[in-house]
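# Structural features, examined
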Amino acid sequence: MLVKVEDARYWKNCVDAIESLIDEGTFNVSKEGIALKAMDPSGISMVSFFIPNKAFSKFEIEKPVGLGLNIDNMGKILSSARSNEQLEMKETDSRLQIEFMGTNSRRRYKLPLIDARKDADKEPKVQFEAVVELKCDAFREILRDANLLSSYIGFRADKNSFVVAAKGDAGELEEEYAGNADMIKRVEITKPSSATFNLDYLQRIMLACPSNSTVQLSLKTDEPLRLDYKIGEAAFAYFLAPYMES
Amino acid sequence: MLVKVEDARYWKNCVDAIESLIDEGTFNVSKEGIALKAMDPSGISMVSFFIPNKAFSKFEIEKPVGLGLNIDNMGKILSSARSNEQLEMKETDSRLQIEFMGTNSRRRYKLPLIDARKDADKEPKVQFEAVVELKCDAFREILRDANLLSSYIGFRADKNSFVVAAKGDAGELEEEYAGNADMIKRVEITKPSSATFNLDYLQRIMLACPSNSTVQLSLKTDEPLRLDYKIGEAAFAYFLAPYMES
Amino acid sequence: MLVKVEDARYWKNCVDAIESLIDEGTFNVSKEGIALKAMDPSGISMVSFFIPNKAFSKFEIEKPVGLGLNIDNMGKILSSARSNEQLEMKETDSRLQIEFMGTNSRRRYKLPLIDARKDADKEPKVQFEAVVELKCDAFREILRDANLLSSYIGFRADKNSFVVAAKGDAGELEEEYAGNADMIKRVEITKPSSATFNLDYLQRIMLACPSNSTVQLSLKTDEPLRLDYKIGEAAFAYFLAPYMES
């Protein structure tokens, strides 16, 4: 297995979007591309990642292969990516070789392959009843607003508005966006839906979402949230369990 | 009571200048404007704040009202102010509602009203004998210089110069500015005056002073310092007890 | 003894390059200029510094003098240097007076003179067998790369390449630069040489190396490293003991 990316930083960004939630996982490399599904260590959230072969300038594979990796370590190594570097990954001696290629220089890292936990192959099956598509940056600001008061945030979507709420000792927040607000790209409602989620997880999920892109929230009352965004060709779907006040 | 500011960030800056010193206090809203006097929790320093009604685009009040608030929490909420947002504050159900208004969006916070400590209605009465007006940024640099060596700073003002001194295990500092130095805007001396103050308090007091504005120091030997600056129409007077070497 | 530098920040940069490694030392002032040799407190590394008299706009000295100083404290004080300030240093009452001179203002610090440790007058004598001259910034990036995986870094220089290696639990790094790589300015090899060094020390040594300048590494297998760079007229030679895996 040997794959090559023209811009090393692009692959770094993809792995960042996994690493913010996941400590270890298995990259499943097939003819179609590379996929990874994993839960965070606490089991509250899950990421489902897929990048098609066409995102790579070279994509050579004899048979499907699973590469179990410590994602933290992989992220560290990728943080050394410089501008104008290409990146090549290949399996060799039960290790993953990551090679950065600049002009007249090569930087080769080798990462041990591991038996990653296999706790999350199934995405939660929810018949979502509300979909809201928002600007990434605006959604990050909303999370920051709520975080001033609480560790949890409530979302409520109905035909005419998207409402965000948080409540703590210091006070309460209610934020209301009309369907035609600048930051709202699309609202599709089958049924008004509301649920509350852990802010820390949401903020980690959103860390790597590219500025100026959009994020799609799928909701059903008191069911897990599904959050989708893309980094170039790569698609990220996150699932987050609802928080139930006891 | 309902008041409105055209630029939410302006009100945020005003509250920052209080919050750097004060944890809780009562905003007294009258026809003339809003005033707050409060000591810091240690009782070493005091702020006296006044903003006239003309700084607001809406200023509706039936009878004078005192709004006791946790200033830390208010500051947190105001830190969410974005550019091009207006801000409306109104009392409702013994809470203060702070509403940020952007285009097509509203963000409403509610802060509980509290019985704030009432320990500081009286400003210290000192017949100051020296007044020095300085550039804000230059004064902040002076505080930083002194902080390299000590937790205290001495000021000495006489007809021809403004002298700053600090002393610690690592060495001594003496900084002398002629009356015509760039950073000195004005010196008025009845009698040469000198006193020593806690640097940490001075640095906190100066945190919110706008760059490119000026600050006025009023001194009398071994008496409290009075420090004045403005943020737009809002006037801030700080008082700080002198440090007496024992 | 009285010396004057036209740009206070230049002298600050020189002392930074000493302070990153050394806590105290003696500046030996002679007709030729100012020299300092000192080991770091752990005894693993050494700096040898010399700045010629021509780097100063005034250089007055009656007889050679040794100024023992706490370099940390001196560095703190110099960190207050502003742009467009001159700096004058003179010995007075067994203290070193450092005076910053701006327009219409003077800032005078006095630092106590101390009996600094005298543990390092001799530079290690090594017949180096490989010399590699690199761009400063590129070398700092290499150190950062290795630091992702390990606290140690191995260098190997031979006729055709300069190789860097690091190894840790998270993986391995091998970085290879051809002699004609952009970042390599010069390679002179008598004999292929390799040795391993402590990364923390190397990073501290490189902290003050000016961007866009070059650094020269002198190597001999398993012997101390010599690292040279200049800040303007000032020359810095650092020696660092090799790390021997046990």
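Residues numbered from 1 in each chain as written. Chains lettered and ligands numbered in written order. Predicted model: local features only at pLDDT ≥ 70, side-chain atom pairs only at ≥ 80, totals over all residues.

### Description of the sheet that holds strand S17 (residues 225-231) of chain C
Residues and elements named next belong to chain C. Threshold: At least two DSSP bridges between two strands are needed for those strands to be called paired. For helices the rule is a DSSP run of H or I covering at least 4 residues; for strands it is a run of E covering at least 2, with both sets numbered from the N terminus onward. Each axis is a line fitted through C-alpha atoms, and for a helix only the stretch in contact is used; angles between axes span 0 to 180 degrees, taken between their N-to-C directions. Throughout, a residue-residue contact means that the two C-beta atoms, derived from backbone geometry, are no farther apart than 7 Å.
Pairing within the open sheet is antiparallel, and its 9 strands lie in the order S6-S2-S3-S4-S18-S17-S16-S10-S14. Since the sheet does not close on itself, it has two edges, and those belong to strand S6 (65-70) and strand S14 (184-189), each with one partner. In this sheet, adjacent strand axes meet at a mean angle of 15° when their direction is disregarded. As defined by bridge partners, S17 adjoins strand S18 (residues 234-240) across 7 bridges and the pair is classed as antiparallel. Pairing of Tyr229 across the sheet is with Phe236, part of S18. Against the sheet, helix H2 (residues 71-78) touches strand S2 (24-30) and S6, its axis set at about 80° to S6. Each of strand S10 (130-135), strand S16 (214-219) and S17 touches helix H3 (residues 136-147); the most contacted strand, S10, lies at about 100° to it.

### A few points about the nonpolar core
Soluble globular proteins tend to pack their nonpolar side chains together in the buried interior. Heads up, the rule is: For the purposes of this analysis, a nonpolar core is taken to be any set of buried Ala, Val, Leu, Ile, Met, Phe, Trp, Tyr and Cys residues that are connected through C-beta atoms within 7 Å. Any residue surrounded by 20 or more other C-beta atoms within 10 Å of its C-beta is treated as buried, while 12 or fewer makes it exposed and the intermediate range makes it partly exposed; C-beta atoms here are placed from the backbone.
Core analysis: the biggest nonpolar cluster contains 222 residues, and Ile18(A), Val47(A), Ile18(B), Val47(B), Ile18(C) and Val47(C) have the highest contact counts within it. If we ignore the near neighbours within four places in the chain, the residues touching Val47(A) are Ile18(A), Leu21(A), Ile22(A), Ala38(A), Phe236(A) and Tyr238(A).

### Thoughts on the environment of Val47(C)
All names here are of chain C. Positionally, Val47 belongs in strand S4 (residues 45-52). Using a count of 24 C-beta atoms within 10 Å as the deciding quantity, one classes Val47 as buried. The spacing of Val47 and Arg226 is 179 residues in sequence and 9.8 Å in space, taken between C-alpha atoms.

### Observations regarding the confidence of the model for chain A
Rule in force here: For every residue, the predictor assigns a confidence score, pLDDT, that lies between 0 and 100.
Taken as a whole, chain A shows an average pLDDT of 94; of its residues, 98% reach a score of 70 or greater. Predicted complex, confidence summary: ipTM 0.82, pTM 0.88.

### Quick notes on the relation of the copies chain B and chain C
Keep this limit in mind: For the least-squares superposition of copies, only C-alpha atoms count, and only for residues with pLDDT at least 70 in both.
For the pair chain B and chain C, the best superposition has an RMSD of 0.0 Å and corresponds to a rotation of 120° with a translation of 0.1 Å parallel to the axis. What we have between these two chains is a three-fold relation.

### Digging into the interface of chain B and chain A
Which entries qualify depends on this criterion: In this classification, Asp, Glu, Lys and Arg are treated as charged, Ala, Val, Leu, Ile, Met, Phe, Trp, Tyr, Cys and Pro as nonpolar, and every other residue, Gly included, as polar.
Facing 15 residues of chain B, the contacting portion of chain A comprises 15 residues. Every element with two or more residues in the side of chain B that touches chain A is listed here: helix H2 (71-78) and strand S9 (105-112) of chain B. Looking at the side of chain B that touches chain A, the element that brings in the most residues is S9(B), giving 8 residues. For the side of chain B that touches chain A, the residue count by class is 4 nonpolar, 6 polar and 5 charged. Examined bridge by bridge, strand S13 (residues 171-178) of chain A and S9(B) share 6 bridges and lie antiparallel to one another. The residue bridging Glu174(A) from the neighbouring strand is Arg108(B), located in S9(B).

### Quick notes on the interface of chain B and chain C
Accessible area lost during the coming together of the parts is what is often quoted as the interface size. Across the boundary between the two partners, chain B contributes 15 residues, which contact 16 residues of chain C. Counting residues per element, the ones that place at least two in the side of chain B that touches chain C are helix H3 (136-147) and strand S13 (171-178) of chain B.

### Quick word on unusual backbone geometry
For residues other than glycine, phi is negative in most cases, and the peptide bonds are mostly trans. Phi angles above zero are rare outside glycine, and Asn84(A) is one such case at about 65°. Structurally, the position occupied by Asn84(A) is in the loop between helix H2 (71-78) and strand S7 (86-92). For Asp93(C), which is not a glycine, the phi torsion comes out positive at approximately 55°. Within the secondary structure, Asp93(C) sits in the loop between strand S7 (86-92) and strand S8 (95-102). Residue classification places Asp93(C) among the exposed positions, given that 8 C-beta atoms sit within 10 Å.

### Quick word on the environment of Phe128(A)
Residue and element names in this part refer to chain A. Tracing the sequence through the fold places Phe128 in the loop between strand S9 (105-112) and strand S10 (130-135). On the basis of neighbour counts, which here come to 17 C-beta atoms within 10 Å, the residue Phe128 falls in the partly exposed class. As for Phe128 and Asn28, which are separated by 100 residues in sequence, their C-alpha atoms are 28 Å apart. Discounting residues that sit within four places of it in the chain, Phe128 has contacts with Ser218, Leu219, Lys220 and Arg226.

### Brief notes about the packing of helix H1 (residues 8-19) of chain B against H2(B)
Residue and element names in this part refer to chain B. Using the following cut-off: We call two directions roughly parallel when the angle between them is under 35 degrees, roughly antiparallel when it is over 145, roughly perpendicular when it lies between 65 and 115, and oblique otherwise. Definitions for this section: a left-handed crossing has its near helix turned counterclockwise from the far helix by less than a right angle. A right-handed crossing has that turn clockwise.
For the pair H1 and H2, the least separation of the axes is 9 Å and the interaxial angle reads 150°. Between H1 and H2, the crossing angle belongs to the class labelled roughly antiparallel. The chirality of how H1 crosses H2 is left-handed. Between H1, through Trp11, Lys12, Val15, Asp16, Ile18 and Glu19, and H2, the contact on the second element is made entirely by Ile71, Asp72, Met74, Gly75 and Leu78. Looking at side-chain class alone, the contact of H1 with H2 contains 6 nonpolar, 1 polar and 4 charged residues.

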